[in-house]
Amino acid sequence: MNKYFLKIKNNQAVPVPSIPVYDYEVFYSYCYGLLQNKKRYHCVNYFGYRIESDITLIMVIADDGEQCLYVAASRIPNNTRLKSFAGSLSAMEKFEREIHEQFGIEFTDHPWLKPVRHSSSSLNSYVFFSSDSEELHEVGVGPIHAGIIEPGHFRFICNGEQILSLEIQLGYQHRGIESLMVNKNNILQRTLLAENIAGDTTVGHTTAFANLWESLEGYNTPYDLHFCRTLAQEIERIAMHTADLSALCADVAYQLGNAVFGRLRTPIINFFQEWSGNRFAKGLIRPGKVLYPFSDTLAQRLLKVLDDFETDFVEMGEQLFSLPSALSRFEKTGTLDSNTALRCGFVGMVARTCNLSRDIRHSHPYNLYGKTLSHEPIMLNSGDVFARAFLRYKEVIQSIEYLRILVNYLPNKFTKQSSLSGMASKNTLVVSLVEGWRGEICHCAITDHQGKVIVYKIKDPSFHNWKALELAVRNNEISDFPICNKSFNLSYCGHDL
Amino acid sequence: MIKSLKILKHQGKQYIPDVVNANVPGIFRGRPIITSAKVDEQALCETCPTKAILPAPVRIDLGRCVFCGECAAQFPEKIQFTRDFKIASNRRESLIIAEGEDHPVNFDDKAVRKEIRQLFKHSLKLRQVSAGGDNSAELELNAANNVNFDMSRFGIEFVASPRHADGIVITGPISQNMSEALQLCYEATPEPKIIILAGVDAISGGIFEDSPAIDRSFIEHYSIDLYVPGNPPHPLTFINGLLKLLGRK
Ligand code: SF4
């Protein structure tokens, strides 16, 4: 079946005319043929773009075994009705909702073509899924939540204290990033947009953009840029996982863990500031250059920061994961099984806590992964809050090891001036995958015959994993919702774009 | 129990005793200094991704600056960023730094409404509204309350309900989809109340300024009590801005 597709690698630039274009029925059967083998293949992006009155659909399927991507296309006229993939492949449901929202295409057997981010319709008139039962009640939360967090609406249908169903409505954060990516024609402006997709994943998204843009210009990325991006990704992972452990402790009223993990994040993000002048590493990742070289002094500083961090982090972690009062709240709360994770196409950390190996660092290596760092994903199988907490703990320790390895491979020169022109190759497609701390990040760009970007698609791991939260809380007590939510800590802005 | 006490002891002292005179570590892009060096001004202005640099004389508008560092990297003889993090002000114009200036960002005490200092000086409760914020400003506002920055020592706290709040703190460029919720939240806050804009996105829209998906009419309708520049604003910038507003420092 895969011979019907164009085979590419992560970050490989390919001419658009080399993508095979099929009638929709044929396209459907070829794609379906691969996607039904869910373990090996998963869709990393499926999107449309308009040329005149026609819509071109692009399917990108990752083959985790072969470490490659398969691409195919279909061209369909406006206002068509199409057979839906989601009718039999749940993991495709959101891609089709997005295509429906953007182009009005009807998918005949789609279970629910609910708006994804209300980019063109009003959120205020949205009618939630509800129940007529007199025994059930509904609870609405948001868009503004109690803490200092981003907006989104959660609608619960409960039987007493028990959650029967949760519907999450997002879109409040929609800033129109994908169209801005197309309309701004300056590299720095686009880089800033990438930095702001999700500020907690500045490094992840900006790396995806920078890797993509360099391929799009046919630029051979020098070692020092790969080095800085790899290093920064692992630092970001440590910082955010530690912050999440702090938040999880807060939600089970474990003050000590909350305070200690909370303050442990500080030296890590302060290190970003020492390196790049910003605690979130904004300014650090740039296509074709790095404004802030990673000196030997910084390397020594980082080792010292990590040594101090690790002692306190491990001490606190060992205490937390042997504390019966915390464990009794974490274990068997918000559980997902591995079949559900596979069927719904969950990615990143959420997949790995359900014994499903999804990790781009391993399956589609980029930057220094697969070279200096041969990454083995850490896997857990209980799929509950405990697994999501414990995976973070173990991944932090793994990332510390990676950083210690990386500092032995310091670049001896840094590219401080970019030689990029800002002009992308003509008629080109690039798909860029990155494993952010939440999971799989996918950026795709397509240029026209003049080298102008005509589509820029961004997919944060939250695009898939919000569904995991909806499913994980079913049959749990509503009072456990906050801790379930924290254990996923999904991105609103990364989803809404 | 003994283990917990040990852990507690290992943390040592983590809080910053003096938030006004503290030093931030490493390099930090705080208040810029613009020298009188001669450079190609047009090229300099065009370097800036958010049109924060104005020509003749060269000025940087901290309300538009996303602190990307590009101008300082390309024109190091002209622009340098200092580690001065006290860059918040109650006047929009004060955020514009001109060539040759090297003094703290102005704060206009006279322009502060009387009731703010009368009522909120020792206790200020705030409701945060993220309206298209990218979660970095939100994380920094959370950090302002952590054990390092410990903002609550000044009686300043974030609360869950606008009904309990004395004002709102807005982050993000204000997405159209959040504009109604923001308006409702503001109306639910009892008078007198203040409005704080935290971060470049909230102050000017930042890189999203010309996006059709944002709606900044809220900002045009009300007067703003405090502007806190940054991308995101550093917790110390936020805390010092508030202390100034309350007349405590
Ligand atoms: S640091 Fe500020 S003024 Fe300088 S280029 Fe970036 S946004 Fe413009």
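Values in this document were obtained by computation on a predicted structure and should not be read as measured data.

All names here are of chain A. Here we have 3 strands laid out as an open sheet, ordered β9-β10-β11, and antiparallel in their pairing. A strand with exactly one partner marks an edge of an open sheet, and here the two such strands are β9 (137–141) and β11 (162–169). The average angle at which neighbouring strand axes cross in this sheet is 20 degrees, direction not considered. Across 5 bridges, the pairing between β9 and strand β10 (residues 153–159) is antiparallel. When the sheet's bridge partners are listed, Glu-138 is paired in β10 with Ile-157.

Turning our eyes to something else, we now look at the site of the ligand. Surrounding the ligand, one finds Cys-48, Pro-49, Thr-50, Ile-53, Ile-60, Cys-65, Val-66, Phe-67, Cys-68, Gly-69, Cys-71 and Phe-81 of chain B. Residue composition of the shell around the ligand, by class: 10 nonpolar, 2 polar and no charged.

In this section: the pairing of strand β9 (residues 194–198) of chain B. For a regular strand, the rule is simple: side chains alternate between the two faces of the sheet. All names here are of chain B. Within β9, 5 of the 5 residues are buried, leaving the element largely enclosed by the surrounding structure. Both faces of β9 are covered, namely the face carrying Ile-194, Ile-196 and Ala-198 and the face carrying Ile-195 and Leu-197. Where strand β8 (residues 167–171) meets β9, 4 bridges bridge the pair, whose relative direction is parallel. Directly across from Gly-167, in β9, lies its bridge partner Ile-194. Between the parallel pair β8 and β9, the chain is carried across by helix α6 (residues 176–188), and the sense of this crossover is right-handed. Of the strand pairs in this sheet, β9 and strand β10 (residues 226–228) are connected by 3 bridges, and their pairing is parallel. By the bridge assignment, Ala-198 is partnered in β10 with Val-228.

Listed per partner, the contact involves 61 residues of chain B and 60 residues of chain A. Interface of chain B and chain A: buried area, both sides summed, is about 5,000 Å²; carbon and sulfur atoms make up 54% of it. The interface formed by chain B and chain A holds 4 salt bridges in total. Where chain B packs against chain A, one counts 28 residue pairs in polar contact (both at pLDDT 80 or more). At the level of secondary structure, the elements contributing two or more residues to the side of chain B that touches chain A comprise α1 (2–10), α3 (70–74), β6 (124–130), α5 (136–143) and α6 of chain B.

Turning to the side chain of Thr-353 of chain A, a few remarks are in order. All names here are of chain A. Mapped onto the fold, Thr-353 is located in the loop between α11 (348–352) and α12 (360–363). Assessed through its relative accessible area of 0%, Thr-353 is described here as buried. Sequence-distant contacts of Thr-353, defined by excluding residues within four places in its chain, comprise Leu-380, Asn-381, Ser-382, Gly-383, Ala-387, Arg-388 and Leu-391.

What follows is about the domain arrangement of chain B. Residue and element names in this part refer to chain B. Domain parsing of chain B yields domain 1 (32–98) and domain 2 (109–246). If you average the C-alpha positions of domain 1 and of domain 2, the two centres end up 24 Å apart. With 17 residues of domain 1 at the interface, the matching set in domain 2 holds 20 residues. The largest contributions to the domain 1 side of the interface with domain 2 come from Phe-85, Ala-88 and Asn-90, which together make up 34% of the buried area. The interface formed by domain 1 and domain 2 holds 1 salt bridge in total. Glu-209 serves as the salt-bridge partner of Arg-64, at 2.7 Å between the closest nitrogen and oxygen. For the pair domain 1 and domain 2, the number of links is 5 residue pairs in polar contact (both at pLDDT 80 or more). Here the side of domain 1 that touches domain 2 is composed, by residue class, of 9 nonpolar, 4 polar and 4 charged.

Residue and element names in this part refer to chain A. Across all of its chains, the model carries 46 salt bridges over all chains by this definition. Its salt-bridge partner being Arg-358, residue Asp-64 comes within 3.1 Å of it at the nearest N-O pair. Note that Asp-64 is positioned in the loop between β5 (54–63) and β6 (68–77) and Arg-358 in the loop between α11 and α12, a separation of 294 residues in sequence. Asp-64 sits in the buried class, given a relative accessible area of 15%.

What follows covers the environment of Thr-56 of chain A. Residues and elements named next belong to chain A. Looking at the element boundaries, Thr-56 is found in strand β5. In this structure, the C-alpha to C-alpha distance between Thr-56 and Asn-78, residues 22 residues apart in sequence, is 9.9 Å. Ignoring any residue separated from it by four or fewer positions in sequence, one finds Thr-56 in contact with Phe-47, Gly-48, Tyr-49, Ala-73, Ser-74 and Arg-75.

Let's shift gears to the sheet that holds strand β5 (residues 96–98) of chain B. All names here are of chain B. Reading across the sheet, the 3 strands line up as β2-β3-β5 and stay open at both edges, with antiparallel pairing between neighbours. Taken across any chain shown, the strands that pair with only one partner, and hence form the sheet edges, are β2 (53–54) and β5. Two elements, strand β3 (residues 59–61) and β5, share 3 bridges in a ladder whose sense is antiparallel. Opposite Ile-60, over in β5, you have Ile-97 as the bridge partner.

Turning our eyes to something else, we now look at the side chain of Arg-388 of chain A. Residue and element names in this part refer to chain A. Inspection of the secondary structure puts Arg-388 in helix α13 (residues 385–406). Buried charge without a salt bridge: Arg-388, with Asp-384 as the nearest opposite-charge side chain at an N-O distance of 6.3 Å. Once residues within four sequence positions are removed from consideration, Arg-388 is found in contact with Thr-333, Gly-334, Leu-336, Met-349, Thr-353, Gly-383, Ser-487 and Phe-488.

Quick notes on the rules
Residues numbered from 1 in each chain as written. Chains lettered and ligands numbered in written order. Predicted model: local features only at pLDDT ≥ 70, side-chain atom pairs only at ≥ 80, totals over all residues. Heavy atoms only, no water. Pairing = 2+ DSSP bridges. Helix = DSSP H or I, 4+ residues; strand = E, 2+ residues; numbered from the N terminus. Axes fitted to C-alpha atoms, helices over the stretch in contact; angles between N-to-C directions. Near = heavy atom within 4 Å. Nonpolar A, V, L, I, M, F, W, Y, C, P; charged D, E, K, R; others polar. Buried < 20%, exposed > 50% of the residue type's maximum accessible area, 1.4 Å probe, protein only. Right-handed = clockwise from strand over helix to strand, strands pointing away. Contact = heavy atoms within 4.5 Å. Buried area = accessible area lost by both parts, 1.4 Å probe. Salt bridge = Lys/Arg side-chain N within 4 Å of Asp/Glu carboxyl O. Polar contact = N/O pair within 3.5 Å; in protein donor to acceptor, adjacent residues only side chain to side chain. Domains from an automatic or database assignment. Lys, Arg positive; Asp, Glu negative; His and termini not counted.

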